[in-house]
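Here is how the chains run, residue by residue.
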Amino acid sequence: MEKTKGQQLQEELTFKFPHIAKEAPYQREEAEMFCEGYKRFLDNGKTERECVREAVAMLEMQGYRPFEAGRNYKTGDKVYYVNRGKAIIATTFGKAGMEQGLRINGAHIDSPRLDLKPNPVFEKNDLAYFKTHYYGGIRKYQWGTVPLAIHGVIIKKNGEIVELNIGEKEGDPVFCVTDLLPHLAGEQNDRKLRDGLKGEELNVLISSIPFIDEAELKEPVKLLALKLLNDRYGITEADFFRAEIELVPAQKACDVGLDHSMIGAYGQDDRVCAYTALMAEIDANMPEYTTVTVLADKEEVGSEGNTGLDSDFVLHYIQDLAAMAGVDARKVLRNSICLSSDVNAAYDPTFGMVYEDRNSCFLNKGCVLTKYTGVRGKSGSNDASAELMAKIIAMMEQDGIYWQIGELGAVDQGGGGTIAKYVAHMNVDVVDLGVPILSMHSPFELSSKLDVYNTYKAFRAFYK
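Each chain carries its own residue numbering, running from 1 in the direction its sequence is written. Only residues with pLDDT of 70 or above have their local features reported here, since the model is predicted, and side-chain atom pairs are shown and tallied only from 80 upward, although totals for entire chains, interfaces and linings are computed over all residues. Values shown for side chains rest on all heavy atoms present in the structure; no hydrogens or waters enter the calculation.

Draft legend 1. Inspection of the overall build of the protein at higher detail. When you go through the protein residue by residue, the secondary structure sums to twelve helices and 23 strands. Computed over its C-alpha atoms, the radius of gyration of the protein comes to 24 Å, within 12% of the 23 Å expected for a compact globule of 464 residues. The dimensions of the protein, computed from C-alpha atoms along their principal axes, are 90 × 60 × 40 Å. Every one of the 464 residues in the protein was classed for burial, and the buried ones make up 53%. For the protein, the accessible area works out to roughly 22,200 Å², and carbon and sulfur atoms hold 51% of it. Where the 53 positive side-chain charges of the protein centre and where its 69 negative ones centre are 2 Å apart. Numbering of helices and strands runs from the N terminus; a helix is a DSSP stretch of H or I covering at least four residues, while a strand is a stretch of E covering at least two. Values of the radius of gyration come from C-alpha atoms, whereas the globule rule sets the reference at 2.2 Å times the count of residues to the power 0.38. Only protein chains enter the accessibility calculation, which uses a 1.4 Å probe. A residue is then buried if its area is under 20% of the maximum for its type, exposed if over 50%, and partly exposed in between. Here, Shrake-Rupley sampling with a 1.4 Å probe gives the accessible areas, and only protein chains in the shown set may cover a residue. Charge assignment in this entry is limited to Lys and Arg as positive and Asp and Glu as negative, and neither His nor the chain termini are counted. Where a charge lies is defined by one atom per residue type: Lys uses NZ, Arg uses CZ, Asp uses CG and Glu uses CD.

Structure (structure tokens):
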């Protein structure tokens, strides 16, 4: 049947982002295969230190070597640089001169969690606990009754480094924050949801059996817990002062849905972009422009600290690259383009009132290009230019990548930020591109395999 004029105009002038499984069903198998490696990455890297270690192993397997400032590198050479064990940069040297700019891709590898306080172990009523201080933007009530694993490092007085990982192996114990039974939760039910569990109630139960001794002991349950840790790791209570210990969900990454179309796991914000960026970096052989893939720490607390993007470690690395090429670093930065690779909030029909559906991202419609983040009137945001949006969109359309536009919820409903504004501070053109996520910042986040795969394809096209 011949189309009417109105139907022709509608086809020519309007646009709708397609569902990938309807338009490109063959991608389901490709995405499935790609995401098996992604799930392993999530399981092996539940902290920023573990992510860096996993990234180094992946990079060295592909021929990357530690970066040496001042050395002469040729097109195709691959190097990496580790910052304090908690952030990493990987580079493939390109054909174009350094003065023509870099292709930078920045993701973060820290995720919301529970950190141990410096003096964490206590006993109350014959139960031993860890005191925690939550890290990043969590909904505290979601962390009650969730099986938790202990990950981290302790530096002993003699300088020995002890690594803790309890709760991940078969047969390991797990730990948890307890919560009230509904029968006794009348007063708790009257709290605002954000205070369903309060910060000082996020106490992690670690043991319940006392140390048996002829003498009357003070806090015998705590003593036995410390003895068990001492037997296994040779540590004492004082060693916790020299430690970084995190409690994270013990569950492994898994498929979600009867159709196996989604991944459920802790830490997908933002390790989903870290993994896809890393894989695109590894695939960058003889790229046109030199690549700089950054997996940074501390984004969830404002990118603070010397392993976060608010520090100058990336700038100093780029200055070293420029110095090796004998060019002005300021010119290199001005001509560079960066993808701030971070997730966005996928539209959730159950809570549709906090979204604006015309400008939301959806599962299974591809990677999400986010022009700006911020709160209220775009406060704290990098707002990408029309010129940069045009470049990135053209790049994706040329390579047949499925993508969509997205905002972080409806205006005045909240908001958030990414590393984009810190990269922009270096006079680099930058825009956010990443994966739509459901239940973001929860202990069990959801992503679409098709979206993960198309994000990888977008990053690979960016480096091509």
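Draft legend 2. A look at the environment of G409. Checked against the element boundaries, G409 lands in the loop between β19 (403-405) and β20 (415-416). Linking G409 and C361, residues 48 residues apart in sequence, is a C-alpha distance of 9.4 Å. Contact between two residues is taken to exist if any of their heavy atoms lie within 4.5 Å; hydrogens are not considered. Apart from the residues within four sequence positions on either side, G409 is in contact with V354 and Y355.

Draft legend 3. Quick peek at the domain arrangement of the protein. Throughout the structure description, domain borders are defined by an automatic or database domain assignment. For the protein, the assigned domains read domain 1 (6-111 + 266-463) and domain 2 (113-249). Once you take the C-alpha centre of each, domain 1 and domain 2 turn out to be 34 Å apart. Contacts between the two partners involve 17 residues from domain 1 and, on the opposite side, 17 residues from domain 2. For the pair domain 1 and domain 2, the summed buried surface comes to about 1,400 Å²; carbon and sulfur atoms form 48% of the total. It is K46, Y266 and P443 that lose the most area in domain 1 upon contact with domain 2, and together they represent 34% of the buried surface on that side. Every case where a carboxyl oxygen of Asp or Glu lies within 4 Å of a side-chain nitrogen of Lys or Arg is listed as a salt bridge. One can count five salt bridges joining domain 1 with domain 2. With a closest N to O distance of 3.1 Å, E168 and K46 form a salt bridge. Classification convention: Asp, Glu, Lys, Arg as charged; Ala, Val, Leu, Ile, Met, Phe, Trp, Tyr, Cys, Pro as nonpolar; all other residues, Gly among them, as polar. Of the residues contributing to the side of domain 1 that touches domain 2, the split by class is three nonpolar, four polar and ten charged. Buried area is a sum: the accessible area each of two parts loses on coming together, probed at 1.4 Å, counted once for each and added.

Draft legend 4. Representation of helix α8 (residues 313-325). Helix length check: α8, at 13 residues, gives a terminal C-alpha distance of 19 Å against a target of 18 Å (1.5 Å per residue), a fit within 8%. Among all positions in α8, only F313, V314, L315, Y317, I318, L321 and A322 are buried. For α8, the elements touching its buried residues are β2 (78-83), β3 (87-92), β4 (103-108), β14 (291-296) and α9 (329-334). Just beyond α8, the residue with positive phi is G326, at close to 70°. Given the number of residues in a helix, its expected span is that number minus one, multiplied by 1.5 Å.

Draft legend 5. Examining the side chain of D297 more closely. Tracing the sequence through the fold places D297 in the loop between β14 and α8. One polar contact links D297 to K298, side chain to side chain, over a distance of 2.9 Å. Beyond its immediate stretch of four places on either side in the chain, D297 contacts E48, K86, A87, D110, Y135, T307, G308 and L309. Pairs of N or O atoms are called polar contacts if they sit within 3.5 Å, as long as, within protein, a hydrogen donor faces a hydrogen acceptor (for residues adjacent in sequence, only side-chain-to-side-chain pairs).

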